[in-house]
Amino acid sequence: MSIFHSLNTSASALTAQRLRMDVISSNMANIETTRGEMVDGEWQPYRRKTVSFQPREGQFSSMLQAAMGKQSKGSAGYGVTVSSIKEDTETPFQLVYNPSHPDANEDGYVQMPNVDPLREMIDLMSATRSYEANVTVLNANKAMLMKALEIGK
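Residues numbered from 1 in each chain as written. Predicted model: local features only at pLDDT ≥ 70, side-chain atom pairs only at ≥ 80, totals over all residues. Heavy atoms only, no water.

Further remarks concern the overall build of the protein chain. Looking only at helices and strands, the protein chain features three helices and six strands. Tracing the protein chain from N to C terminus, the helices and strands come up as α-β-β-β-α-β-β-β-α. In the protein chain, which comprises 153 residues, the proportion classed as buried is 24%. For the protein chain, the proportion of contacts with a sequence separation of at least 24, taken over those separated by at least 6, is 68%. (Helix = DSSP H or I, 4+ residues; strand = E, 2+ residues; numbered from the N terminus. Buried < 20%, exposed > 50% of the residue type's maximum accessible area, 1.4 Å probe, protein only. Contact = heavy atoms within 4.5 Å.)

Set out below in structure tokens:
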């Protein structure tokens, strides 16, 4: 195990949470976008996007050590990676009555994106807290490495 293993693990978490915050920002920016993509000749509103994470697999040497019984598999994490960015197809679009809108249907209703600002703010707070926690871990690891260097003086 490298001395930089914990730094790499924290860095992967910071990268993943930063991407999550970017996707949330995109959702918030498109909260009024009624022309997201063309489906069957009609404009569809912007669809909310979500980020999925998965554990990052270790390096071959770590897995070999675990298989040989010299290291218990799962004893140390390898970090996290983004597995996918998916569109939220479960939540329906909102219908808003606005007959003067250019995208209104014959009944005067406009399909608005399925982005809920409250849900996005909660997700953003969660991503921010996770990011901050990983910065704290990164700083603690850095301090421990600095103390280890001082021992050699």
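Text resumes after the structure shown.
This brings us to the pattern of salt bridges. One pass over the full model with this rule turns up nine salt bridges. A salt bridge links Arg-35 to Asp-103, with the shortest nitrogen-to-oxygen separation between them at 2.7 Å. Of the two residues, Arg-35 is situated in the loop between helix H1 (5–29) and strand S1 (37–39) and Asp-103 in the loop between strand S5 (94–97) and strand S6 (109–112); the sequence distance between them amounts to 68 residues. We note a salt bridge from Arg-119 to Asp-88, for which the minimum N-O separation is 3.7 Å. A residue pair is termed long-range when its members are at least 10 positions apart, and Arg-119 in helix H3 (residues 117–151) and Asp-88 in the loop between strand S4 (80–87) and S5 qualify at 31 residues. In this structure Asp-88 comes out as buried when scored by relative accessible area, which is 9%. (Salt bridge = Lys/Arg side-chain N within 4 Å of Asp/Glu carboxyl O.)

The subject of this paragraph is H3. Here H3 is 35 residues long and its end C-alpha atoms lie 51 Å apart, about the 51 Å a rise of 1.5 Å per residue gives. Taken as a whole, H3 has its buried residues at Glu-120, Ala-127, Asn-134 and Asn-141. The inward-facing, buried residues of H3 contact H1. (Expected span 1.5 Å × (residues − 1).)

As a packed pair, H1 and H3 sit with axes 9 Å apart at the nearest point and diverge in direction by 160°. Of the possible angle classes, the one that applies to H1 and H3 is roughly antiparallel. Between H1 and H3 lies a crossing whose hand is left-handed. Of the residues that constitute the contact of H1 with H3, the class distribution is 15 nonpolar, nine polar and five charged. (Axes fitted to C-alpha atoms, helices over the stretch in contact; angles between N-to-C directions. Parallel < 35°, antiparallel > 145°, perpendicular 65-115°, else oblique. Left-handed = near helix turned anticlockwise from the far one by under 90°. Nonpolar A, V, L, I, M, F, W, Y, C, P; charged D, E, K, R; others polar.)

So, on to the packing of aromatic side chains. Evaluated as defined, the whole model comprises one aromatic pair. Look at Tyr-97 and Tyr-109: their rings are 5.3 Å apart centre to centre, the planes differ by 65°, and that puts the pair in the edge-to-face class. Here Tyr-109 lies in strand S6 and Tyr-97 lies in strand S5, a separation of 12 residues in the sequence. Judged by relative accessible area, Tyr-97 falls into the exposed class, the value being 54%. (Phe/Tyr/Trp six-rings, centres within 6.5 Å; stacked < 30°, edge-to-face > 60°.)

Reaching out from Asp-88, the side chain makes a polar contact with the side chain of Thr-91 at a distance of 2.7 Å. Among residues more than four places away in sequence, those in contact with Asp-88 are Arg-47, Arg-48, Asn-114 and Arg-119. (Polar contact = N/O pair within 3.5 Å; in protein donor to acceptor, adjacent residues only side chain to side chain.)

Attention now goes to the side chain of Ser-10. Residue placement: Ser-10 occurs in helix H1. Sequence-distant contacts of Ser-10, defined by excluding residues within four places in its chain, comprise Asn-134, Val-137, Leu-138 and Asn-141.

As for its position among the elements, Arg-56 is in the loop between strand S3 (49–55) and helix H2 (60–67). Considered as a pair, Arg-56 and Thr-9 are 47 residues apart in the sequence and their alpha carbons are 9.0 Å apart. Every residue in contact with Arg-56, bar those within four places of it in the chain, is listed here: Asn-8, Thr-9, Ser-12, Tyr-78, Gly-79, Val-80 and Thr-81. In terms of polar contacts, Arg-56 uses its side chain to reach the backbone carbonyl oxygen of Tyr-78, at 2.9 Å.

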